[in-house]
Amino acid sequence: LTGSIGVFGMIPYFKEIADKNAFKKVIVVTSATHMNRAKKSFEKLSLEVIPAPSAYISDYEKYDIMSYLPRVSNIEMIFRSMWEYVGVVYYKLRGV
């Protein structure tokens, strides 16, 4: 595979490999924010998914009163959240 086609674009390749090797279970390693969509994509192939989320997003080492104030660095987290919401809608429209 070349280029970035995302999980949905790779589904035919995963299906071929799973069928060829009689896979019934897969371990899915992806970012924690993306796990829901990735898990559903593999379940669509009738595979049992063992989720292994990674790359949790948190830059707080300790929580205090300042943790609840707006920060510029939170813009990236908002963008990632919005990206996932758009992705969920896209996957639903595509039948995943």
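Our structure is the block above this text.
In what follows, the accompanying structure is described.

Thresholds applied
Residues numbered from 1 in each chain as written. Predicted model: local features only at pLDDT ≥ 70, side-chain atom pairs only at ≥ 80, totals over all residues. Heavy atoms only, no water. Helix = DSSP H or I, 4+ residues; strand = E, 2+ residues; numbered from the N terminus. Expected span 1.5 Å × (residues − 1). Buried < 20%, exposed > 50% of the residue type's maximum accessible area, 1.4 Å probe, protein only. Arc of directions from axis to C-beta. Polar contact = N/O pair within 3.5 Å; in protein donor to acceptor, adjacent residues only side chain to side chain. Pairing = 2+ DSSP bridges. Right-handed = clockwise from strand over helix to strand, strands pointing away. 1 Å grid on protein atoms, 1.4 Å probe; cavity = no way out; pocket = protein on both sides within 12 Å on 5 of 7 lines; lining within 4 Å. Points joined across faces, edges and corners; volume = space filled by probe spheres on them. Nonpolar A, V, L, I, M, F, W, Y, C, P; charged D, E, K, R; others polar. Patch = residues over 30% accessible without salt bridge, like charges linked within 9 Å, V, L, I, M, F, W, Y side chains within 5 Å. Areas by Shrake-Rupley, 256 points an atom, 1.4 Å probe, with all protein chains shown as cover. Salt bridge = Lys/Arg side-chain N within 4 Å of Asp/Glu carboxyl O. Phe/Tyr/Trp six-rings, centres within 6.5 Å; stacked < 30°, edge-to-face > 60°.

Focus on helix H3 (residues 74-93)
And then number 1: Over its 20 residues, H3 runs 29 Å from end to end, which matches the ideal 28 Å to within 8%, given 1.5 Å per residue.
And then number 2: Among all positions in H3, only Asn74, Glu84, Gly87 and Tyr91 are buried. When H3 is viewed along its axis, its buried side chains cluster within an angular range of 135 degrees and face the same direction. More than 90 degrees from the buried face of H3, the exposed residues found are Ile75, Ile78, Phe79, Tyr85, Val86, Val89 and Leu93.

Here's the deal with helix H2 (residues 35-43)
And then number 1: For H2, the set of buried residues is Met35, Arg37, Ala38, Ser41 and Phe42. Burial along H2 is one-sided: seen end-on, the buried residues are contained in an arc of 165 degrees.

Let's talk about the side chain of Ser41
And then number 1: Relative to the elements of secondary structure, Ser41 occurs in helix H2.
And then number 2: Of the residues examined, Ser41 reaches a relative accessible area of 1% and is grouped as buried.
And then number 3: Reaching out from Ser41, the side chain makes a polar contact with the backbone oxygen of Arg37 at a distance of 3.0 Å.

Things to note about the pairing of strand S2 (residues 48-54)
And then number 1: Of the pairings in the sheet, the one linking strand S1 (residues 25-31) to S2 comprises 7 bridges and is parallel in character. Note on S2: the bridge partner recorded for Thr30 is Pro53.
And then number 2: Traced from S1 through H2 to S2, the parallel crossover comes out right-handed.

Digging into the layout of surface pockets
And then number 1: One number sums up the size of the largest pocket: a volume of about 180 Å³.
And then number 2: Contributions of two or more residues to the lining of the largest pocket are made by H2 and H3.
And then number 3: Among the elements that take part in the lining of the largest pocket, H3 stands out by supplying 6 residues, more than any other.
And then number 4: Each residue belonging to the lining of the largest pocket can be placed in one class, and the counts come to 5 nonpolar, 3 polar and 3 charged.

Some details on a nonpolar patch on the surface
And then number 1: A grouping of Tyr63, Ile65, Met66, Tyr68 and Leu69 is seen on the molecular surface, where their side chains present a nonpolar patch of about 650 Å² in accessible area.
And then number 2: Relative to the helices and strands, Ile65 resides in the loop between S2 and H3.

Looking at the packing of aromatic side chains
And then number 1: Applying the stated criterion across every chain yields a total of 2 aromatic pairs.
And then number 2: Ring geometry for Phe14 versus Phe42: centroids 4.8 Å apart, planes at 50 degrees, classification tilted. Residue Phe14 is located in helix H1 (residues 6-21), and its partner Phe42 is located in helix H2; the two are separated by 28 residues in the primary sequence.

By themselves these figures say nothing about function.
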